[in-house]
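Residues per chain, in single letters:
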Amino acid sequence: MVNWNLINSNGRKASSSKIRKSIVSFMTKHHPCSVVSSIEKKYNAYKIHLMSGLCLVFDADGRFVKSN
């Protein structure tokens with residue numbers, strides 16, 4: 001299961017309730033055993049960095065855009 005307990009955002013901590021449900025749903029379906037190292041929230045996107053080195057990009061509405 002993805003660890004969503006605390007997310008660092010610009011030096012502040014945010015709870016997992018701030019993350020869009022569609023992102024959580026995508027992560028549990030496509031990356032169920034992944035560990036999230038950080039999440040960057042921009043005004044128009046979310047970047048989720050996994051411990052494996054993979055970076056997932058979602059739009060502001062929580063729809064998957066691409067992976068790096």
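A.B. asks: Even after reading the chapter, I still don't get the nonpolar core, so can you show me in this structure?
C.D. replies: Buried together is how nonpolar side chains tend to be arranged in soluble globular proteins. Ile 23, Phe 26, Met 27, Val 36, Ile 39, Tyr 46, Ile 48, Leu 50, Leu 56 and Phe 58 form the largest nonpolar core, which has 10 residues in total. Of all the secondary-structure elements, those providing two or more residues to this core are helix 1 (21-30), strand 3 (36-41), strand 4 (45-50) and strand 5 (55-59). Not counting residues up to four positions away in its chain, the partners in contact with Leu 50 are Met 27, His 31, Ser 34, Val 35, Val 36, Ser 37 and Leu 56.

A.B. asks: When you look at the sheet that holds strand 4 in this model, what are you seeing that I'm missing?
C.D. replies: In any sheet, the strands associate via hydrogen bonds between backbone groups, in a parallel or an antiparallel arrangement. The sheet built from 4 strands is open, its strands ordered 3-4-5-6 with antiparallel pairing. Every interior strand has two partners, whereas the edge strands, strand 3 and strand 6 (64-67), have only one. Looking at each pair of strands side by side, their axes are set apart by 20° on average, direction ignored. Where strand 5 meets strand 6, 3 bridges bridge the pair, whose relative direction is antiparallel. Within the sheet, the bridge partner assigned to Phe 58 lies in strand 6 and is Phe 64.

A.B. asks: What is the right way to read the pairing of strand 5 from this model?
C.D. replies: Each regular strand carries side chains that alternate between the two faces of the sheet. Counting buried positions along strand 5 gives 5 out of 5 residues, so the element sits mostly inside the fold. Going residue by residue along strand 5, you find Cys 55, Val 57 and Asp 59 tucked away on one face and Leu 56 and Phe 58 tucked away on the opposite face as well. Sheet analysis places strand 4 next to strand 5, joined by 5 bridges and oriented antiparallel. Within strand 5, the residue paired with Tyr 46 across the bridge is Phe 58. Between the end of strand 4 and the start of strand 5, which pair antiparallel, lie 4 residues, with Gly 53 showing a positive phi angle near 100°.

A.B. asks: Which parts of the structure should I look at to understand the confidence of the model for the protein chain?
C.D. replies: Caution applies to low-pLDDT regions: their predicted coordinates should not be interpreted in detail. The predicted model of the protein chain has a mean per-residue pLDDT of 78, with 72% of residues at 70 or higher. Ranking the elements of the protein chain by mean pLDDT puts strand 1 (residues 6-9) last with 50 and strand 6 first with 94.

A.B. asks: Would you explain the packing of aromatic side chains in this entry?
C.D. replies: Both the distance between ring centres and the angle between the ring planes are used here to describe each pair of aromatic rings. This structure, assessed with the given rule, holds 3 aromatic pairs. Aromatic pair Phe 26 and Phe 58: ring centres 5.3 Å apart, planes at 80°, arrangement edge-to-face. Within this pair, whereas Phe 26 is found in helix 1, its partner Phe 58 is found in strand 5, the two being separated by 32 residues in sequence. Taken as a pair, Phe 26 and Phe 58 share a single burial class, namely buried. Summarising the aromatic geometry, the rings of Phe 26 and Phe 64 are spaced 4.6 Å apart at their centres and angled 10° between planes, so their arrangement reads as stacked. Taken together, the positions of Phe 26 in helix 1 and Phe 64 in strand 6 put the pair 38 residues apart, joining distant regions of the chain. A relative accessible area of 37% means that Phe 64 is categorised as partly exposed.

Conventions adopted
- Residues numbered from 1 in each chain as written.
- Predicted model: local features only at pLDDT ≥ 70, side-chain atom pairs only at ≥ 80, totals over all residues.
- Heavy atoms only, no water.
- Core = buried A, V, L, I, M, F, W, Y, C linked by side-chain atoms within 4.5 Å.
- Buried < 20%, exposed > 50% of the residue type's maximum accessible area, 1.4 Å probe, protein only.
- Helix = DSSP H or I, 4+ residues; strand = E, 2+ residues; numbered from the N terminus.
- Contact = heavy atoms within 4.5 Å.
- Pairing = 2+ DSSP bridges.
- Axes fitted to C-alpha atoms, helices over the stretch in contact; angles between N-to-C directions.
- pLDDT = per-residue confidence, 0-100.
- Phe/Tyr/Trp six-rings, centres within 6.5 Å; stacked < 30°, edge-to-face > 60°.

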